[in-house]
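Remarks on the overall topology
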Amino acid sequence: MSHRPDIHWLTDYAAGTLPSSQALCVAVHLSFCPESRKQVEQLNSLGAIMFTNAINDDDNLISESVATELPDEDHASINQELRSKVFDLIDKEDIKQQPSSVTASPCANDASNKADLLPHCLQKLIPDGIDQLDWKKLGTALSVARLSAGDDSREVALHKIKAGGRVSNHDHRGREVTVVLQGSFSDQNGLYLPGDFLVKEAGQEHRPIASEDAECICLSVLEAPVKFTGPITSLINPFLKIKTGTP
Amino acid sequence: MTTSSITTASLSCSEENSSKSLHDSVNSTQKKQTGNMQSTNIGSPSKTDDWSSILIKIAKDRDRVAFGKLFDHFAPKIKSYGLMLRSQHTSPQMAEELVQDVMLKVWLKAHCFDVNKASASTWIFTIARNCRTDFIRKENRIDTELSADDLWPMAEEDGPYTSLHQRRIEKNIHNAVAQLPPEQADVLKRIYIEGKSHSEVSAATGLPLGTVKSRVRLAVGKLRTLL
């Protein structure tokens, strides 16, 4: 896959610091890209080492001699009460659940159970399939369906460009992250296939054209409204309507 | 899950083979030999045993003694992971709730742990990360169908990794982290433990974003050459 999130995106993802809407884009990309998945696994291992070292760093603040004199509870900072509480919790859970259902509870996400073949992380947001979404036309070639991904400061949506369709030239007032779900499109920088991940920074113009053979559906997350730069399309600029209070 | 040679000796061993952590773990094991300790024979730790065997034992036998050991080792780390989050919601109560959430999930999901995909500490780190993220989202009253487990799925069917291979990778990363220049380790710590994005690290340290980025690139690049 030629268009992948760079190491900074993947590190922020593995550390859990990406806003959920952008993490969603990375998660969708990962469902297509074994190479990035492998990298994230390594970054998770790195995280685990930072995690196991973090407490040791704190320990180092206490000199060895003092540490051994401290009562165990202070040193470990976990009191017996919390320990008992957790054991109570697992007792309750075990009573609640039949022994058989403990092992039957799901582990890995099973992405193959939907005819839609959407990546697992999108299935919750699009339970009835892409066609059932509330698509709004934004001109002849482009439609948009907003998704509710719990991010108030970003616009999360699917965009659909019809086969061979051209999206008006537009630039971005904020960063836009796009992942291709189906079909493909191209712009001046290259061709984007399913799973490809691209970031447009504020001020970068581009003019996507869907491939002739199929419509192209993308997930996009936008930090601020897009500004269309073509002559007519300013009338139908979708994101200006969405952001209340934005001129 | 192919590891079948789970011995009682494995219960006293930690993943890190440094003498310090072994000492700590044995120490705390001895101190915690309270009511629920049975006649388990605490043998000397051997190199092939680790927390992964304990997790497998928890999954297979619902073994509370094993779970207690895992708790004693990881709960302080989870608590400190909670306490070190730079957020307006960080508090000792929050950190203890995090310990509860994570340890409960470990108990309930132990059967999902696959030693061929990740080590026990990586698996527990990803659970702690997801729980911490969910906690912040809850505090911020973020309304969405998506949970952190949807956005950060557990390791999926991937590599023909063997647990040995996985362990070697993690050992390499471990050694490499120990050799990182302090300024690179510091940036990684802020990102992973304090939960700051690259730009937040830049804002907090006064370092230009480009410098933060190049430190991450250098650090991670160094790790990757070792894999």
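Criteria and thresholds
Residues numbered from 1 in each chain as written. Chains lettered and ligands numbered in written order. Predicted model: local features only at pLDDT ≥ 70, side-chain atom pairs only at ≥ 80, totals over all residues. Helix = DSSP H or I, 4+ residues; strand = E, 2+ residues; numbered from the N terminus. Buried ≥ 20, exposed ≤ 12 C-beta atoms within 10 Å, placed from the backbone. Contact = placed C-beta atoms within 7 Å. Nonpolar A, V, L, I, M, F, W, Y, C, P; charged D, E, K, R; others polar. Pairing = 2+ DSSP bridges. pLDDT = per-residue confidence, 0-100.

Here's the deal with the overall build of chain B
Looking only at helices and strands, chain B has ten helices and zero strands in total. From first element to last, N terminus to C terminus, chain B shows the α and β order α-α-α-α-α-α-α-α-α-α. Across the 227 residues in chain B, those meeting the buried criterion constitute 44%. Of the contacts made within chain B by residues no fewer than 6 positions apart, 70% connect residues no fewer than 24 positions apart.

Observations concerning the interface of chain A and chain B
At the junction of the two partners, chain A supplies 51 residues and chain B supplies 66 residues. At the level of elements, α1 (7-15), α2 (20-32), α3 (34-61), α5 (72-76), α6 (80-96) and α8 (120-123) of chain A are the ones that each hand at least two residues to the side of chain A that touches chain B. The dominant element in the side of chain A that touches chain B, judged by the number of residues it contributes, is α3(A), at 17 residues. Across the side of chain A that touches chain B, the residue classes tally to 24 nonpolar, 17 polar and ten charged.

Details of the pairing of strand β10 (residues 216-222) of chain A
The side chains of a regular strand alternate, residue by residue, between the two faces of the sheet. Residues and elements named next belong to chain A. A large share of β10 lies buried, amounting to six of its seven residues. As defined by bridge partners, strand β3 (residues 155-161) adjoins β10 across seven bridges and the pair is classed as antiparallel. If you follow V156 over to β10, its bridge partner there is V221. Pairing of strand β5 (residues 176-182) with β10, which is carried by six bridges, proceeds in the antiparallel orientation. Counterpart to V180 in the pairing with β10 is C218.

A short note on the confidence of the model for chain B
Atom-level detail of predicted coordinates should not be read off regions where pLDDT is low. Per-residue pLDDT for chain B averages 77, and the proportion of residues at 70 or more is 73%. Confidence metrics for the complex model read pTM 0.79 and ipTM 0.79.

Side note on the environment of I7(A)
Looking at the secondary structure, you find I7(A) in helix α1. If we ignore the near neighbours within four places in the chain, the residues touching I7(A) are V216(B), R217(B) and V220(B).

Examining the sheet that holds strand β7 (residues 190-192) of chain A
Strand pairing within a sheet occurs via backbone hydrogen bonds; the two strands may be parallel or antiparallel. Residue and element names in this part refer to chain A. Read from one edge to the other, the open sheet built from three strands follows the order β7-β6-β9, with strand pairing classed as antiparallel. Two strands in the sheet have a free side with no partner beyond their single neighbour: β7 and β9 (209-210). Pairing of strand β6 (residues 185-187) with β7, which is carried by three bridges, proceeds in the antiparallel orientation. Bridge pairing in β7 links D187 to G190.

A look at the sheet that holds strand β1 (residues 136-137) of chain A
Residues and elements named next belong to chain A. The six strands lie next to each other as β1-β2-β3-β10-β5-β8, forming an open sheet whose pairing is antiparallel. Two strands close off the open sheet at either side, each with one partner strand: β1 and β8 (197-200). In this sheet, β8 lies alongside β5 in antiparallel orientation, the contact comprising four bridges. From the neighbouring strand, V179 faces β8, where its bridge partner is F197.

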